[in-house]
Amino acid sequence: MATTPQLQDRPRVLVVGGGYVGLYVALKLQKKIANAGGIVTVVDPLPYMTYQPFLPEVAGGNIEARHAVVSHRQHLKQTELIQGCVTSIDHVNRTAVVAPADGGENFEVPYFDVVLAAGAITRTFPIKGLADKGIGLKTIEEAVALRNKLLERIEVASTMTDPAARAKALTFVVVGGGFAGIECITEMEDLARAAVRNNPRIKQEEVRFVLVEAMGRIMPEVTAKQADWVVEHLRSRGIEVLLNTSLDSAEGTLKLINLPDKTPAQEFEADTLVWTAGVQANPMVRSTDFPLEPRGRVRVLPDLRISGDEGIVENAWAAGDIAAVPDLTGKGLPDGTCVPNAQHALRQAKRLAKNLWASRWDKPLTDYKHKNLGAVAGFGEWKGVANINLLGRIGLKGGLAWLAHRGYHGMAMPTVERKFRVILNWIIGFFAGRDTTQLMDLDNPRGAFVAAATPAPKPAAAPAAAPAAGSGSTAAAAPKETVAANAK
């Protein structure tokens, strides 16, 4: 084990993960813990928190990528920050092992309290070719790459003369009919329309969007009637919606099968394959000594303390997608836990921070209970669906739902500074339109410099001229040594 870097020697609240839960726990506790003589430490491989509900709008070019993330260093002034991954936790000895992001040797971090807030990762299945061809939509980097690829494929296809290659470049497939998948494909379709309007060599009917969903309906967060309307809306925009359909293979061509009989459905080529078919708890929890439930989440009580068959695990807390938090309203998942979404994660983080602080002073803890406020989704400019639970259930669609979507998420975006930047993006877009500027070579930023700094190869020497036919001169064609000998 490497030497521990210069960490503060104070009683530590170790927060594993800097996403929704980690950011808000640190924001709410950093000053209190510091004033009490301790320190809050956040460990995350990234230097920022990503507001994931905005990823489709980043992919669609409505929000600048940097504005959809919140800097840890800028907003957690009294928090100790470590850029790396927690690879294991030994709670009996109150130590965690951290692998630094720079690839250096692992080191140990001691703690007094630990908060598991590592969130979730994309859940995939063993489908041939998926890892090579697919891309997810869980990170800001994926959203930016997806936006640039869509614009690049449209531009490249506009100069293609091979019909098959052109169709492949202009086919975009999204697997997963939940909120992320629907918002992703609609924002992409909106962006594609804007790009096609600027390119006279491409016709809108050439661009193909396909949504693949294994279940018989989409968006389980809204009513069945609203889900049916969404399917009609997508199809009215030319988006193919394939229900009860699954991706069987992505090697070469995309092979789709019907469910549940698994008979062949469609087979075609596509350059862009987006996977949004669910998430799973961060697998780092398997390298801890905390109790887990069958789906791989940490078992917690309603007050967000970790608890197993042997009782409460002292000084250990968890919330968000990594935790199986009981839903006391009775309207959660079939197993009685909260739906893994941003709405719950943000509120669980605030409750966890209050309970952790209360536990320091032996005060009573409060159970987490939150009535779902509903769901809002944007499908591109002035299009959306919403199911709002305030004074009864209010169903919205179209422009009003889109305004509700932006209003809710604009307010939910962490920190005033980030709210201002996002809203400013929307205002600029309202007057200037959607930005369809493609950024090139982000995966190889040194390419232009390397080409300029690398000396050009010297041209090959010209071949010797052949002697003229019938000249009668043998000396002209003889080697220099032979000519010199004859001269003697």
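Residues numbered from 1 in each chain as written. Predicted model: local features only at pLDDT ≥ 70, side-chain atom pairs only at ≥ 80, totals over all residues. Heavy atoms only, no water.

- An unreviewed UniProt entry lists the protein under the name NADH dehydrogenase, from Pseudarthrobacter enclensis.
- The record in UniProt for the protein states the following under Sequence similarities (unreviewed entry): "Belongs to the NADH dehydrogenase family."
- Per UniProt, the protein has the following entry under Cofactor (unreviewed entry): "FAD". (UniProt positions renumbered as here; feature names shortened; annotations may be inferred.)

### A word on a positive patch on the surface
Thinking step 1. Taken together, the side chains of K28, K32, K350 and K354 define a basic patch exposed on the protein surface.
Thinking step 2. Secondary structure elements with two or more residues in the positive patch: α1 (20-35) and α9 (342-360).
Thinking step 3. Mapping K354 onto the fold places it in helix α9. (Patch = residues over 30% accessible without salt bridge, like charges linked within 9 Å, V, L, I, M, F, W, Y side chains within 5 Å. Areas by Shrake-Rupley, 256 points an atom, 1.4 Å probe, with all protein chains shown as cover. Salt bridge = Lys/Arg side-chain N within 4 Å of Asp/Glu carboxyl O. Lys, Arg positive; Asp, Glu negative; His and termini not counted. Charge placed at Lys NZ, Arg CZ, Asp CG, Glu CD. Helix = DSSP H or I, 4+ residues; strand = E, 2+ residues; numbered from the N terminus.)

### As for the pattern of salt bridges
Thinking step 1. One pass over the structure, following the stated rule, counts 24 salt bridges.
Thinking step 2. The partner of R12 in a salt bridge is E80, with the nearest N and O atoms 3.1 Å apart. Here R12, found in strand β1 (residues 12-16), pairs with E80, found in strand β5 (residues 79-90); they are 68 residues apart in sequence, far enough to count as distant. In terms of burial, R12 and E80 fall into one category: buried.
Thinking step 3. Residue D309 pairs with R299 through a salt bridge whose shortest N-O separation is 3.0 Å. Linking D309 in the loop between β20 (305-308) and β21 (311-318) with R299 in strand β19 (residues 298-299), this pair joins segments that are ten residues apart in sequence.
Thinking step 4. Note on D309: relative accessible area 73%, which makes it exposed.
Thinking step 5. Here the salt bridges do not stand alone but share partners, grouping E187, E189, D190, R193, R237, K383 and R434 into one network. (Buried < 20%, exposed > 50% of the residue type's maximum accessible area, 1.4 Å probe, protein only.)

### Examining α9
Thinking step 1. Here α9 spans 27 Å end to end across 19 residues, near enough to the 27 Å set by a 1.5 Å rise per residue.
Thinking step 2. The backbone nitrogen of Q343 has a side-chain oxygen 3.3 Å away, supplied by the residue at the start of α9, namely N341. (Expected span 1.5 Å × (residues − 1). Polar contact = N/O pair within 3.5 Å; in protein donor to acceptor, adjacent residues only side chain to side chain.)

### Some details on empty space enclosed by the protein
Thinking step 1. Under the counting rule described, the total for this entry stands at one cavity of 30 Å³ or more.
Thinking step 2. What the largest cavity holds in volume is close to 80 Å³.
Thinking step 3. As for the largest cavity, its lining consists of R297, G320, D321, A323, V325, C338, V339, P340, N341, H344, A345 and Q348.
Thinking step 4. Sort the elements by how many residues they give to the lining of the largest cavity and α9 lands first, with three residues.
Thinking step 5. Tallied by class, residues from the lining of the largest cavity come to six nonpolar, four polar and two charged. (1 Å grid on protein atoms, 1.4 Å probe; cavity = no way out; pocket = protein on both sides within 12 Å on 5 of 7 lines; lining within 4 Å. Points joined across faces, edges and corners; volume = space filled by probe spheres on them. Nonpolar A, V, L, I, M, F, W, Y, C, P; charged D, E, K, R; others polar.)

### Notes on unusual backbone geometry
Thinking step 1. Cis geometry marks the peptide bond from L259 to P260; its omega dihedral reads 10°.
Thinking step 2. The residue P260 is located in the loop between β15 (254-258) and β16 (264-268) in this model.
Thinking step 3. Positive phi values are uncommon outside glycine, yet R94 reaches one of about 55°.
Thinking step 4. Relative to the assigned elements, R94 resides in the loop between β5 and β6 (95-100).
Thinking step 5. Its relative accessible area of 26% is what places R94 among the partly exposed residues.
Thinking step 6. Unlike most non-glycine residues, N244 shows phi in positive territory, near 50°.
Thinking step 7. Assignment of secondary structure puts N244 in the loop between β13 (239-242) and β14 (245-249).

### With respect to the packing of helix α5 (residues 140-157) against helix α7 (residues 179-197)
Thinking step 1. Taken N-terminus to C-terminus, the directions of α5 and α7 make an angle of 40°; their axes are 10 Å apart at the nearest point. As judged from the angle between their axes, α5 and α7 are oblique. Viewed along their axes, α5 and α7 form a crossing whose handedness is right-handed. Across the interface between the two elements, L146, R147, L150, L151 and I154 of α5 pack against C184, M188, L191, A192, A195 and V196 of α7.
Thinking step 2. Residues belonging to the contact of α5 with α7 are distributed by class as follows: ten nonpolar, no polar and one charged. (Axes fitted to C-alpha atoms, helices over the stretch in contact; angles between N-to-C directions. Parallel < 35°, antiparallel > 145°, perpendicular 65-115°, else oblique. Left-handed = near helix turned anticlockwise from the far one by under 90°. Contact = heavy atoms within 4.5 Å.)

### Looking at the pairing of β14
Thinking step 1. Of the strand pairs in this sheet, β14 and β15 are connected by four bridges, and their pairing is antiparallel. Bridging across to β15, S249 finds its partner in K255.
Thinking step 2. Connecting β14 to the next strand, β15, in antiparallel fashion are four residues, including G252 with a positive phi near 70°. (Pairing = 2+ DSSP bridges.)

### Concerning the UniProt feature "domain: FAD/NAD(P)-binding" (unreviewed entry) in the protein
Thinking step 1. Per the UniProt record, "domain: FAD/NAD(P)-binding" (unreviewed entry) is found at residues 12-345.
Thinking step 2. Helix makes up 27% of residues 12-345 and strand 30%, with an end-to-end C-alpha separation of 23 Å.

### Some words on the packing of α1 against α9
A pair of packed helices is captured by two measures, namely the crossing angle of their axes and the spacing between those axes.
Thinking step 1. Two numbers describe how α1 lies on α9: the axes approach to 8 Å, and their chain directions differ by 30°. Classified by the interaxial angle, the pair formed by α1 and α9 is roughly parallel. Seen along the crossing, α1 lies across α9 with a hand that is right-handed. Two secondary-structure elements touch here, α1 through Y20, V21, Y24, V25, K28, L29, K32 and I33 and α9 through A342, A345, L346, A349, K350, L352, A353, L356, W357 and R360.
Thinking step 2. By residue class, the composition of the contact of α1 with α9 is 14 nonpolar, no polar and four charged.

### So, the sheet that holds β15
Remark on secondary structure: sheet strands pair via backbone hydrogen bonds, oriented parallel or antiparallel.
Thinking step 1. With antiparallel pairing, three strands are arranged side by side in an open sheet as β14-β15-β16. With one partner strand each, in any of the chains shown, β14 and β16 form the two edges of the open sheet. Across this sheet, the average inter-strand angle for adjacent strands is 30°, counted without regard to direction.

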